[in-house]
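Tertiary structure, described
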Amino acid sequence: MSHPFEGLPTTPTSEELLDKAFSRASRAGGAKDGNEAQQSMLMTASNIVSDNLANVVTAWPTIDDLDPFYVELADAVIGEAYPADDDPGIDALKQRLAEISWASQKTKEIRQEYESRVARGDIDTARKLRKQAFARIADVVEEVEDDLAAVSTARDALKDIPDIRPDEPAIVVAGYPNVGKSSFVNRVTRADNEIASYPFTTTQLRVGHFEDQRIRYQLVDTPGLLDRPPEDRNEIESQAVSALEHLADAVLVFVDPSGECGYPLADQLELRDAIAARFDVPVLTIANKSDLSTDVEADHYMSVTEDDNVDGVLEAAVDAVGYEIELPFDDE
């Protein structure tokens, strides 16, 4: 299973689409004579434009059918991709796709309006009408030029997001920078499983995996998101946190009681409290660097660098998730 935006095809520019339609139409017309050539050109150009525009729209998944995690994440990513929109995000994308769908239908209507007139007229009239139809088709495509460009930008922004699976248990790792989150994720995820990351400007979602009792768990590290106070996040980052709320089955908040990370312990605990208040799942406080200090009240103590109790913390995270496979005979 891959994420719903992975297979999105390249979106053509308006110029590419018109070049393709009119060059193919010219070849189609060259193979015939008289009015039949003009009819063939009109049909070819219209079909290429309307079909390609329709394909841009149908290639996208139905937004309303997506898991809420992906809706929120796409909203944040697209808002980052074209912030100049009056209403950036998923609603802007839906509106732009609707405009492209309109252009596809309008192109068909232009063909229907002209095809019988082209067939009935003398050759000069047929040529003139076909040129009129081409001009109107070009106007329609140019009208959605910005929409095509924005959809292309959204596609490029979304296609490389990590393969995060809302139907699999997810453990979100949070805490200030330099408290050992990435070291922990690197230590417990499988060596043969590359950690995928998605750059979100200042934000990243880094996803690794591990297995326990044949269940695959996702570990989501959040540099640039859950590593500073909520008031320091911009709107896009806050939306990304909303996405994580839908995804998380448990949260590990790392703190460094030694202060070696460069942030006061009081600030670290304040961030922990803010996360605990926002996420409606188990939130565990993990005191890392226990070889340097254990001077904090925490659910678990460990030292990644000394390999002390790392597996114990992972086991506690699995217990906090409490995930059970639903077997088909459970209800019997």
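These figures come from a predicted structure and were not determined experimentally. (Residues numbered from 1 in each chain as written. Predicted model: local features only at pLDDT ≥ 70, side-chain atom pairs only at ≥ 80, totals over all residues. Heavy atoms only, no water.)

**Overview of helix α5 (residues 123–143)**
Structural remark: α-helix, 3.6 residues per turn; residues separated by three or four positions point the same way. This is how it is decided: Starting at the N terminus, helices and strands are each numbered in turn, a helix being any DSSP run of H or I of at least four residues and a strand any DSSP run of E of at least two. The span one expects for a helix is its residue count, reduced by one, times 1.5 Å. Throughout this description, buried means an accessible area under 20% of the type-specific maximum (1.4 Å probe, protein chains only), exposed means over 50%, and partly exposed covers the range between. We call two residues in contact whenever any of their non-hydrogen atoms come within 4.5 Å of each other.
Counted at 1.5 Å a residue, the expected span for α5 with its 21 residues is 30 Å, and the 30 Å between its end C-alpha atoms agrees. All buried positions along α5 are accounted for by A126, L129, R130, A133, F134, I137, A138, V140 and V141. Close packing links the buried residues of α5 with α1 (14–30), α2 (34–58), α4 (90–120) and α6 (145–158).

**Concerning the environment of D67**
The criterion, for reference: Whenever a nitrogen or oxygen atom comes within 3.5 Å of another N or O atom, the pair is scored as a polar contact, on the condition that within protein one atom can donate a hydrogen and the other can accept it, and that pairs from neighbouring residues in sequence are kept only if both atoms are in side chains.
Its place among the elements puts D67 in the loop between α2 and α3 (68–81). Put simply, D67 and K159 are 92 residues apart on the chain and 16 Å apart in space, counted from C-alpha to C-alpha. A distance of 2.8 Å separates the side chain of D67 from the backbone nitrogen of F69, its partner in a polar contact.

**Things to note about a negative patch on the surface**
Under the convention used in this document: Exposure above 30% relative accessible area and the lack of any salt bridge qualify a residue for a patch; like charges then connect within 9 Å, and the nonpolar side chains Val, Leu, Ile, Met, Phe, Trp and Tyr within 5 Å. Method for areas: the Shrake-Rupley scheme with a 1.4 Å probe, in which residue coverage is limited to the protein chains shown. Any Lys or Arg side-chain nitrogen found within 4 Å of a carboxyl oxygen on Asp or Glu counts as a salt bridge. Charge assignment in this entry is limited to Lys and Arg as positive and Asp and Glu as negative, and neither His nor the chain termini are counted. Just so you know, the charge point we use is NZ for Lys, CZ for Arg, CG for Asp and CD for Glu.
Together, E15, E16, D19, E99, D139, E142, E143, E145 and D146 give the surface a local cluster of negative charge. Where the negative patch is concerned, the elements lending two or more residues are α1, α5 and α6.

**Some points on the environment of L252**
Checked against the element boundaries, L252 lands in strand β5 (residues 250–255). Setting aside residues up to four positions removed in sequence, L252 forms contacts with I171, V172, V173, A174, F184, L284, I286, V313 and A317.

**A look at the pairing of β5**
Applied cut-off: Being paired, for any two strands, means DSSP has found at least two bridges between them. Orienting the strands away from the viewer, one traces the path from the first strand over the helix to the second; a clockwise path indicates a right-handed crossover.
With respect to burial, β5 is a largely interior element, six of its six residues being buried. Neither face of β5 is left uncovered, since the one carrying A250, L252 and F254 and the one carrying V251, V253 and V255 both have all their residues buried. Where strand β1 (residues 170–174) and β5 come together, four bridges link them in parallel fashion. Within β5, the residue paired with A174 across the bridge is V253. When β5 meets strand β6 (residues 283–287), the two strands line up parallel, connected through five bridges. Bridge pairing in β6 places F254 opposite I286. Handedness of the β-α-β unit built from β5, helix α9 (residues 265–278) and β6 comes out right-handed.

**Points about the UniProt feature "domain: Nucleolar GTP-binding protein 1 Rossman-fold" (unreviewed entry) in the protein**
How we decide: UniProt positions are given in the numbering used here, feature names are shortened, and annotations may be inferred rather than shown by experiment.
Per the UniProt annotation, the sites labelled "domain: Nucleolar GTP-binding protein 1 Rossman-fold" (unreviewed entry) are residues 235–291. Across residues 235–291, helical content stands at 47% and strand content at 19%; the span's end C-alpha atoms are separated by 38 Å.

**Section: the packing of aromatic side chains**
Operational definition: Put simply, two rings from Phe, Tyr or Trp (the six-membered ring, in Trp's case) pair if the centres are within 6.5 Å, and we call them stacked under 30 degrees between planes, edge-to-face over 60, tilted for the rest. A ring is scored as having a charge over it whenever the NZ atom of a lysine or the CZ atom of an arginine sits within 6 Å of its centre and within 35 degrees of its normal.
Taken as a whole and judged by the stated rule, the model has seven aromatic pairs. Ring centres of F5 and Y70 lie 6.3 Å apart, and the angle between their planes is 80°; on these two criteria the pair is classed as edge-to-face. Note that F5 is positioned in the segment before α1 and Y70 in helix α3, a separation of 65 residues in sequence. Assessed through its relative accessible area of 0%, F5 is described here as buried. In this structure an aromatic cluster arises from ring pairing among F5, W60, F69 and Y70. The residue whose ring lies beneath R117 is Y114, and the NZ or CZ to ring-centre distance is 5.1 Å. The aromatic ring of F134 is capped on one face by R130, whose charged end is 4.8 Å from the ring centroid.

**Some words on the packing of α2 against α5**
Test applied: For helices, the fitted axis covers only the stretch in contact; all axes are lines through C-alpha atoms, and the angles between them, taken along N-to-C directions, range from 0 to 180 degrees. Between 65 and 115 degrees an angle is taken as roughly perpendicular, under 35 as roughly parallel, over 145 as roughly antiparallel, and anywhere else as oblique. Under this grouping Gly is polar, as are all residues other than the nonpolar Ala, Val, Leu, Ile, Met, Phe, Trp, Tyr, Cys and Pro and the charged Asp, Glu, Lys and Arg.
Running from N to C, α2 and α5 point in directions that differ by 10°, and their axes come no closer than 9 Å. As summarised for this structure, α2 and α5 are arranged roughly parallel, according to the angle between their axes. Side by side, α2 and α5 meet where G34, N35, Q38, M41, L42, A45, S46 and V49 of the first sit next to I123, A126, R127, R130, A133, F134, I137 and V141 of the second. Within the contact of α2 with α5, the residues separate by chemical class into 10 nonpolar, four polar and two charged.

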